[in-house]
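# Survey of secondary and tertiary structure
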Amino acid sequence: MALVLCSCASQKHKNIAYLNTEAPQEDLKLNVFEPRDLESKRPVVIFVHGGNWNSGNKNTYGFLGRNLAKHDVITVIPSYTLSPQANFDTMASQVAQAFIWTRDHISEYGGDPAQIYLMGHSAGGHLIALVCTNPKYLDNPKAIKGVILNDAAGLDMYTYLQEHPPTIANNYRSTWTTNPELWKQASPVYHLSEEMPPFMIYVGTKSYESIIRQNATFLNALQEYQPDVTPIYLNKKHVPMMTQYFWPWSNRYDEVLDFIFKEKH
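Attention here is on the structure that accompanies the text. A quick note: this is a predicted structure, and the numbers were derived from the prediction, not measured. Each chain has its residues counted from 1, running along the sequence as written. Restriction of local features to residues with pLDDT of at least 70 applies here, the model being predicted, together with a cutoff of 80 or more for giving and counting side-chain atom pairs; totals for whole chains, interfaces and linings are based on all residues. Think of the side-chain values as coming from all heavy atoms in the structure, minus any hydrogens and water.

### Structural notes on the overall build of the protein
The helix and strand inventory of the protein stands at 9 helices and 9 strands. For a compact globule of 265 residues, the expected C-alpha radius of gyration is about 18 Å, and the protein comes in at 17 Å, within 12% of that figure. Taken along the three principal axes of its C-alpha coordinates, the protein extends 50 × 45 × 35 Å. When the 265 residues of the protein are sorted by exposure, 53% land in the buried category. Residues count as neighbours in contact if any of their non-hydrogen atoms are within 4.5 Å of one another. A sequence separation of at least 24 residues applies to 76% of the contacts in the protein between residues at least 6 apart. Summed over its atoms, the accessible surface of the protein is roughly 11600 Å², and 49% of this surface lies on carbon and sulfur atoms. Both charge centroids of the protein, one from 22 positive and one from 25 negative side chains, sit 6 Å from each other. Secondary structure elements follow DSSP: runs of H or I of four or more residues count as helices, runs of E of two or more count as strands, with numbering from the N terminus. Only C-alpha atoms enter the radius of gyration; for comparison, a globular chain is expected to reach 2.2 Å times N to the power 0.38, where N is the number of residues. Summary of the burial criterion: residues with accessible area below 20% of their type's maximum are buried, those above 50% are exposed, and those between are partly exposed, where the area comes from a 1.4 Å probe applied to protein chains only. Where accessible areas are quoted, they stem from the Shrake-Rupley method and a 1.4 Å probe; at the residue level, only the protein chains shown are allowed to cover. Within this scheme the basic residues Lys and Arg register as positive and the acidic residues Asp and Glu register as negative, but His and the chain ends are omitted. A charged residue contributes its charge at one atom only: NZ of Lys, CZ of Arg, CG of Asp or CD of Glu.

### Side note on the environment of alanine 123
Among the secondary structure elements, alanine 123 is positioned in helix H3 (residues 123–133). Each C-alpha atom, one on alanine 123 and one on asparagine 150, is 9.7 Å from the other, the two residues being 27 residues apart in sequence. Filtering out sequence-adjacent residues up to four positions away, alanine 123 remains in contact with His49, Gly50, Gly51, Asn52, Trp53, Tyr80 and Ala153.

### Brief notes about the nonpolar core
By nonpolar core is meant a set of buried Ala, Val, Leu, Ile, Met, Phe, Trp, Tyr and Cys residues that side-chain atoms within 4.5 Å join together. Within the largest apolar cluster, 59 residues are counted, with the highest numbers of intra-cluster contacts made by Val32, Leu149, Trp176, Phe199, Ile201 and Phe218. Ranked by residues supplied to this core, first place goes to helix H2 (residues 88–105) with 8 residues. Apart from residues no more than four positions distant in its own chain, phenylalanine 218 is found in contact with Leu149, Leu155, Pro188, Val189, Leu192, Phe199 and Ile201. Residues Phe33, Met119, Met242 and Leu257 belong to the second largest nonpolar core, which totals 23 residues.

### Quick word on the pattern of salt bridges
Basic side-chain nitrogens of Lys or Arg form a salt bridge, by our definition, when they fall within 4 Å of a carboxyl oxygen of Asp or Glu. Within the structure shown, the criterion is met by 5 salt bridges. With its nearest N and O atoms 3.5 Å apart, the salt bridge here joins arginine 213 to glutamate 209. Within this pair, arginine 213 and its partner glutamate 209 are both found in helix H7 (residues 209–222), separated by 4 residues, close to a single helical turn. Among the residues examined, arginine 213 registers a relative accessible area of 41% and is labelled partly exposed. For glutamate 209, a relative accessible area of 59% puts it in the exposed group. Salt-bridge contacts for arginine 252 lead to glutamate 255; the nearest nitrogen and oxygen are separated by 2.7 Å. Pair noted here: arginine 252 and glutamate 255 are both in helix H9 (residues 251–264), with a separation of 3 residues, about one helical turn. Via salt bridges that share partners, Glu163, Glu209 and Arg213 belong to a single interconnected network.

Rendered as structure tokens:
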């Protein structure tokens, strides 16, 4: 049974299993942050954490769940199996399963299954972009109402890994394999189509060069399908692109809510 923790603004439902499997970590569980005193079904954000595909923990990001709950948005934060125990394909498949669980169960927590958004930072941005572009992961990616990329990494790993072949450093050989065809399968930029949900994109102008370059490539390709997407550039390094959400008065929440409620109608 999930543990329920309460604050003045939200209830946290902790460590809910979203996929029954033999997992090497504490993963395949998620936390749900539910606003208190809901009067109607609310939009839902599934946030997928970063960590270079080999680190990170869903429990670090309670601040995001609590702050979104203050704005009456349900937040789901899943974990996923990290490298070297999993590669990108396993991780993306698990993120897709977290979406399916949310679609099927979020009404039990006050959420609207027709209003589910994906949000991810760094490696998490890569995984959600892959899930909603590569058709192998979801039969109907338009069931996702919108996608919020926050300084997403890995948007064109095919080009990056040709220039920087994966080694054991950072578990990249485990994450990406040594097969260039799989690098292309792992790269969201090669799977763009009319079937994608709408994108909202943040990029840190002081972020890693590879992230800045790959976001530029992705945005250029995305314009063919979503010409109205205007990225939000922030004068920040990579980690502060996420830690800025720690403060509930951050302008980022206003921007995210504007995107959610624009797409809702």
